[in-house]
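This is what each chain is made of:
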Amino acid sequence: MGTPDPSTLPYCTVCGSPRLVERYLGHRRCEACGSTRWRNPLPVAEAVLVRDGRVLLVQRGAVEHGAGKWVVPGGFIGLGETPPEAAMREAGEEAQVAVRVGGLAAAPRWLATKDGRGHVLLSFVATTDDEPAPGEDTMDIRWCAPDEVPWDALAFPTTEALLRGLVARSPDARRFPDDALDIATAEVVSGRARRPRPRFCARCSGILALLSVGGWRCTRCDTWHYENPRPTAGVLALRDGHVLLGKRRPGTAGGGLWAVPSGHAEPGETLEETGTRELFEETGVRAAAERLAGLFWDSEHFEAVYTGPALDTEPAADHRPEFTDLKWFDRASMPPAELMHHSAPHVTAWLVRQGLVR
Ligand SMILES: [Zn+2]
Ligand SMILES: [Zn+2]
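Residues numbered from 1 in each chain as written. Chains lettered and ligands numbered in written order. Predicted model: local features only at pLDDT ≥ 70, side-chain atom pairs only at ≥ 80, totals over all residues. Heavy atoms only, no water.

1. Some thoughts on the sheet that holds strand β13 (residues 208-212)
To keep things clear, this is the line we draw: Note on pairing: two strands pair once DSSP finds at least 2 bridges between them. Put simply, DSSP H or I for four residues or longer makes a helix, DSSP E for two residues or longer makes a strand, and each gets a number counted from the N terminus. To define axes, lines are fitted to C-alpha atoms, for helices over the stretch in contact only, and angles between the resulting N-to-C directions are given on a 0 to 180 degree scale.
The strand order across the open sheet built from 3 strands is β13-β14-β15, with neighbouring strands paired in antiparallel fashion. Each of the sheet's edge strands pairs with one partner strand only, and the pair in question is β13 and β15 (224-226). The average undirected angle you get between the axes of adjacent strands in this sheet is 35°. Judged from the 3 bridges that link them, strand β14 (residues 215-218) and β15 form a sheet pairing that is antiparallel. Paired with Gly215 across the bridge in β15 is Tyr226.

2. A closer look at the coordination of the zinc ion (ligand 2)
In plain terms, the rule: For Na, K and Ca the donor cut-off is 3.2 Å; for every other metal, N, O and S atoms count as donors within 2.8 Å. Water does not enter the count, which can leave sites looking incomplete. Angular criteria define each label, namely tetrahedral for four donors with all angles between 85 and 135 degrees, square planar for four and octahedral for six donors with opposite donors over 155 degrees apart and remaining angles between 65 and 115, and irregular for whatever fails these tests. For every residue, the accessible area (1.4 Å probe, protein chains only) is compared with the maximum for its type, and the residue is labelled buried under 20%, exposed over 50%, or partly exposed between those bounds.
Surrounding the zinc ion (ligand 2) are the protein donor atoms Cys201 (SG), Cys204 (SG), Cys218 (SG) and Cys221 (SG), at 2.3 Å. For the zinc ion (ligand 2), the 4 donor atoms are set out with angles of 100 to 116° between them, so the coordination reads as tetrahedral. Motif for the zinc ion (ligand 2), donor spacing along one chain: C-x2-C-x13-C-x2-C. Note on accessibility: Cys201 and Cys204 belong to one class, buried.

3. A few points about the pairing of strand β1 (residues 20-24)
The sheet contact formed by β1 and strand β2 (residues 27-30) spans 4 bridges and is antiparallel. Along β2, the bridge assignment pairs Leu20 with Cys30. Where β1 folds back on β2, the antiparallel hairpin that results is connected by 2 residues, among which Leu25 adopts a positive phi of roughly 50°.

Here it is as structure tokens:
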């Protein structure tokens, strides 16, 4: 699992200019065209196929990390595809199966990487009618019950965490569960501006050719260039059966609508940390990201929404300029869906169903 970290390469991929300036945390802005090269954690999608209590594992071929080790089928989500589409594509490439993808099999997990960005893993429940077979970069495949998993030969700590978590929530510890987490999930267009596609090589400013989903190669020096959807996260603070929402500032995406306090993950940050930080920056309220409430996506971003009890009760509307108003809503005062932005109608309906908002 590794794509080169392009934050040190000299050219803007949008306009080819060398006038790149460091902003913060490795994000770099081009002074010529105004675009920013964001340095977020890289998103990975996995397909968790379970049949008769056994999970499908694939043995990695000659790859950069974890060669010969076992994982569930998965790989980087490319810019222009949704996380479920990436899980489907990876299952096809690594196990030669056409899959249907359902909800999340586990809460998003985070893998530390040497470049400091980290990977965010989204694992989807998947089903297939096909018989799996090793794909081009796969040495072997195996259906494993919990006591058949090669626990000492798993490729990543996140693979072990996924499988142990599945066993822990299974009604029968000898079988893997095939159901999804009870959270809100939906494809929702973010309303944010579409990211400009890269055209120039970051290493030599040669012309790039699009060769795979989110993958370009330089026609001059053969360097690969990858773009991925950006992870975002938010936290919904709870207090006495009320949830805190913010009214978005006019002129922004969803201006005038009530929304989840949420923002982009910084390099090295887990989604729980992102959500907690964004909630505080945007509202002045602190709350732990205690429980996963929902996952929402389009082909450029995805958003994990957590919920937890508020540690502060007085929001500060002028804390940061995203919102013009902040308000605690209970079931009776909740704004109608058409006055809510993006994930807010889905995830607040889930909070009501769970009895967390009353
Ligand atoms: Zn530029
Ligand atoms: Zn090049």
